[in-house]
Amino acid sequence: MLVESLVKETVELQGFRVLTVTKADDGLEAELAPDRRYAPRCGGCGRCSRYRDTRTARRFRHVPLWWIDVHLIYAPRRVICEHCGGIHVEALPWVSGKRQFTRALMVTLATWARVLTWQQVAALFHCSWSTVAAAVDEAAAYGLAHHDLSGVTHIGIDEISRKRGHVYVTNVYDLKSRRLLWSGEGRAKETLEGFFDWLGKERAEQLEGVCCDMWQPYIDVIKARASKAVLVFDKFHIVQHLTQAVDQVRRDEIREKGKDHKELMAKTRYLWLKNPWNLTDQQQTRLSELEHLNLKINRACLLKDTFREFWEYTRPG
Ligand SMILES: [Zn+2]
């Protein structure tokens, strides 16, 4: 199979053809040309239009082949459009907007971003973090336009901080299909309300379960907009809250029982927080001694384990 054929397989090329593929210094270059059997399409409205002139060639980064960089080279035409009036650059089916990356490469980035961090994807594909972010946004927008929402019953809400916590993004996933449903800037009440506006009242009522962080603005919105759904909290936050609870009980205990107890309780934090099956023999003996003395803290630990088991049981997939 020729590389030309591979380019045709991976790029939407109707109205265009692959002229040549050559080896350049920085990888492979596939030169594209218009297919004269088709009239150029207007970039504004997508309809057939009249040729005016040709601009200088542009390079579009495509999906690497055997980890060799691939670029598409094409000189876009300008057209006169009768429908929207005036002069426009023609529509290029392999790229969206003014991007330098092909749609196929953007999809590739977004796909990898589901299993790797955005930073790792950026490093792997030698691109910027913001390109990966844009790829995820585009994939989400595509998903929004094409996704059938009738079967969505369980959703997960996730906040991601960008730029060291200065900018937040809220992502909503369909937990059954593990697909990103929606993405919005911010993590305020209005952000999540935007999601529910988009989802529609009828579909929100079909929701059976919502998994989210223990973030009060979101909890309020979920209770108001998806009243029938069971609210499940994210494991990390439950463990975090319970760990704080165990610590609080331990501190109360020390304060209540005085100095002798304080010595006994010193350096026991990890005894209480560790899973029982991970304790060494020595730690186990120590813990059972303490448990005799300290029913209250034991209960707090029990509660934590209960929540952890509950999560393992209920988590999606
Ligand atoms: Zn037009």
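Computed from a prediction, not measured in an experiment: that's the story for all the values here. (Residues numbered from 1 in each chain as written. Predicted model: local features only at pLDDT ≥ 70, side-chain atom pairs only at ≥ 80, totals over all residues.)

Let's shift gears to the overall build of the protein. Broken down by element type, the protein carries 12 helices and 12 strands. Burial statistics for the protein: of 317 residues in total, 24% are counted as buried. In the protein, 48% of the contacts between residues at least 6 apart in sequence involve partners at least 24 apart. (Helix = DSSP H or I, 4+ residues; strand = E, 2+ residues; numbered from the N terminus. Buried ≥ 20, exposed ≤ 12 C-beta atoms within 10 Å, placed from the backbone. Contact = placed C-beta atoms within 7 Å.)

Here we take up the confidence of the model for the protein. When pLDDT is averaged along the protein, the result is 82; 80% of the residues meet or exceed 70. Here helix α12 (residues 295-314) stands out as the least confident element of the protein, with mean pLDDT 55; strand β6 (residues 77-80) is the most confident, with 96. Confidence drops under pLDDT 50 across residues 313-317; counting only partners more than four residues distant or on other chains, this segment forms four contacts. (pLDDT = per-residue confidence, 0-100.)

This part takes up unusual backbone geometry. Despite not being glycine, Trp 67 shows a phi value in the positive range, around 65 degrees. Checked against the element boundaries, Trp 67 lands in the loop between β4 (58-65) and β5 (68-74). Residue class for Trp 67 comes out exposed when judged on the 7 C-beta atoms lying within 10 Å of it. Backbone geometry places His 126, a non-glycine residue, at a positive phi of 50 degrees.

Next up on the list: the pairing of strand β2 (residues 27-34). Relative to β2, strand β1 (residues 16-24) runs antiparallel, the two sharing eight bridges. For Val 21, the partnering residue across the bridge sits in β2 and is Ala 30. Counted between consecutive antiparallel strands, the loop separating β1 from β2 contains two residues. Bridge analysis of β2 against β5 gives four bridges, and the strand direction is parallel. Of the residues in β5, the one forming a bridge with Ala 30 is Leu 72. (Pairing = 2+ DSSP bridges.)

Looking now at helix α2 (residues 103-112). All buried positions along α2 are accounted for by Arg 103, Leu 105, Met 106, Leu 109 and Ala 110. An end-on view of α2 places all buried positions within 160 degrees of arc, on one side of the element. (Arc of directions from axis to C-beta.)

Looking now at the packing of helix α5 (residues 189-199) against helix α7 (residues 216-225). Remark: α5 packs on α7, axes separated minimally by 8 Å, with the N-to-C direction vectors making an angle of 30 degrees. In terms of orientation, α5 and α7 fall into the roughly parallel class. As α5 runs across α7, the sense of the crossing is right-handed. Residues Lys 189, Leu 192, Glu 193 and Phe 196 of α5 touch α7, and the partners they reach there are Pro 217, Tyr 218, Asp 220, Val 221 and Arg 225. (Axes fitted to C-alpha atoms, helices over the stretch in contact; angles between N-to-C directions. Parallel < 35°, antiparallel > 145°, perpendicular 65-115°, else oblique. Left-handed = near helix turned anticlockwise from the far one by under 90°.)

Below, the discussion takes up the sheet that holds β4. As summarised here, the arrangement of the four strands in space is β1-β2-β5-β4, forming an open sheet in which the pairing is mixed. Each edge of the open sheet carries a strand with a single partner, namely β1 and β4. Mean inter-strand twist for the sheet, computed between neighbouring axes without regard to direction, equals 25 degrees. Together, β1, β2 and β4 form the strand contacts of helix α1 (residues 3-10), whose direction differs from that of β1 by roughly 125 degrees.

So, on to the sheet that holds strand β7 (residues 87-89). Judged by pairing direction, the sheet is antiparallel, and its three strands sit side by side in the order β3-β6-β7 without closing on themselves. Across the chains shown, the open sheet's two edge strands, defined by having one partner strand only, are β3 (50-54) and β7. Averaged over neighbouring strand pairs, the angle between their axes works out to 35 degrees when direction is ignored. Bridge analysis of β3 against β6 gives four bridges, and the strand direction is antiparallel. The partner of Thr 54 across the bridge, within β6, is Arg 77.

Here we come to the environment of Arg 77. Residue placement: Arg 77 occurs in strand β6. On the neighbour-count criterion, Arg 77 (19 C-beta atoms within 10 Å) is partly exposed. Separated by 12 residues in sequence, Arg 77 and Val 89 place their C-alpha atoms 6.0 Å apart. Leave out the neighbours within four places in its chain, and Arg 77 touches Pro 34, Pro 40, Tyr 51, Thr 54 and Glu 90.

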